[in-house]
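One letter stands for each residue in the lines below.
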Amino acid sequence: MKASQISCEEVIDHLFEYLDRELDEQNQQVIDDHLKRCFDCFSRAEFERRLRQRIAATGVEAAPTRLKQRIRDLTGQ
Amino acid sequence: MDRLYGTALRLTRNPDEAEDVVAEAVSNAWRRLEQLDDPNHLDGWLFRILHNTFIDHWRRKQCRQEKEVSLDEPETSDAAAFSLFAHLHQPFLLWIGQPEADFINQLLEQDLAQAIDALADPYRIVLVLVEIQGHSYDEVAHILDVPSGTVRSRLNRARGLLQKSLWRQGQDAGLTGHAKSKSGRVSP
């Protein structure tokens, strides 16, 4: 991918790989540069980023007291 | 502890099973503590053991249920290509509001958890490992013993299905279009 040639369609096609940090450094930079000058793609990227943050937050739940006790019993702590 | 339990809960969808997975993972980790070469890597090490423990549980459960021990992908409709942003974004409203940002802000934690839990196992597990745990595609491929391309395709479908489910929930809750102001929901 080249920064000057990449289209919005290509950016959207690779957006999740970009957000997942799965692209190589050069392609990561190409999309970074595109997002700096394309408000539509930037809006889409921000939307997906924010949704990911909300999804990631569901991975934290208060552990039940019973589980904490089980762990204490297991580890003798 | 809350992150271990939360991740286990998203993976198993069952509070009792999540407790068992965490307890077994911690027990395994405790027994193998001398294998931890750097205390700074404790978090990653613990979560790796948690994921392996979950996969063992999951496979044993599959055997008990006499189903094939595989992560074969169920049939899905074109929901896999669904984009929540495309359904919400209204460029002409740019200067008076951003419906897509409002939508995300008004989603409740339970809406998201419910939508994730509703995903079939192959999709949910990959989504949790990538989006909640932050693993790379190769790491997930290694954990699940599948090709990296399979991780990518499952992840794409998981995201499409999840976004479609959130869209439906949003419609039911009045979060889409002009109805959103009637929902009475507040931003987290």
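Bear in mind that the values here come from a model prediction, so they are computed numbers and not experimental data. (Residues numbered from 1 in each chain as written. Chains lettered and ligands numbered in written order. Predicted model: local features only at pLDDT ≥ 70, side-chain atom pairs only at ≥ 80, totals over all residues. Heavy atoms only, no water.)

Draft legend 1. A look at the confidence of the model for chain A. Mean pLDDT over chain A works out to 90, with 94% of the residues at or above the 70 mark. Averaged over each element, pLDDT in chain A is lowest for helix H5 (residues 65-75) of chain A (88) and highest for helix H2 (residues 15-19) of chain A (95). (pLDDT = per-residue confidence, 0-100. Helix = DSSP H or I, 4+ residues; strand = E, 2+ residues; numbered from the N terminus.)

Draft legend 2. Structural detail: the interface of chain B and chain A. Listed as interface residues are 43 residues of chain B and, on the opposing side, 32 residues of chain A. Of the roughly 3500 Å² buried between chain B and chain A, counting both surfaces, carbon and sulfur atoms make up 62%. For Glu17(A), the salt bridge identified is with Arg152(B), shortest N-O distance 2.7 Å. Mapped onto the side of chain B that touches chain A, the elements with two or more residues apiece are helix H1 (2-12), helix H2 (15-31), helix H4 (84-88), helix H5 (99-106), helix H6 (109-117), helix H7 (121-132) and helix H9 (148-172) of chain B. If one sorts the elements of the side of chain B that touches chain A by residue count, H2(B) sits on top with eight residues. Classifying every residue of the side of chain B that touches chain A by side-chain character gives 24 nonpolar, eight polar and 11 charged. (Contact = heavy atoms within 4.5 Å. Buried area = accessible area lost by both parts, 1.4 Å probe. Salt bridge = Lys/Arg side-chain N within 4 Å of Asp/Glu carboxyl O. Nonpolar A, V, L, I, M, F, W, Y, C, P; charged D, E, K, R; others polar.)

Draft legend 3. Seen up close, the pattern of salt bridges. Under the definition given, this model contains 18 salt bridges over all chains. Ionic pairing is found between Asp16(B) and Arg66(A), a salt bridge with its closest N-O pair at 3.2 Å. Residue Asp16(B) is found in helix H2, and its partner Arg66(A) is found in helix H5; the two belong to separate chains. Notably, a salt bridge pairs Arg70(A) with Asp20(B), separated by 2.9 Å at the nearest N-O pair. Residue Arg70(A) is located in helix H5, and its partner Asp20(B) is located in helix H2; the two belong to separate chains. Accessibility expressed as a relative area gives 34% for Asp20(B), which makes it partly exposed. Taken together, the salt bridges that share partners define one network made up of Arg66(A), Arg70(A), Asp16(B), Glu19(B) and Asp20(B). (Buried < 20%, exposed > 50% of the residue type's maximum accessible area, 1.4 Å probe, protein only.)

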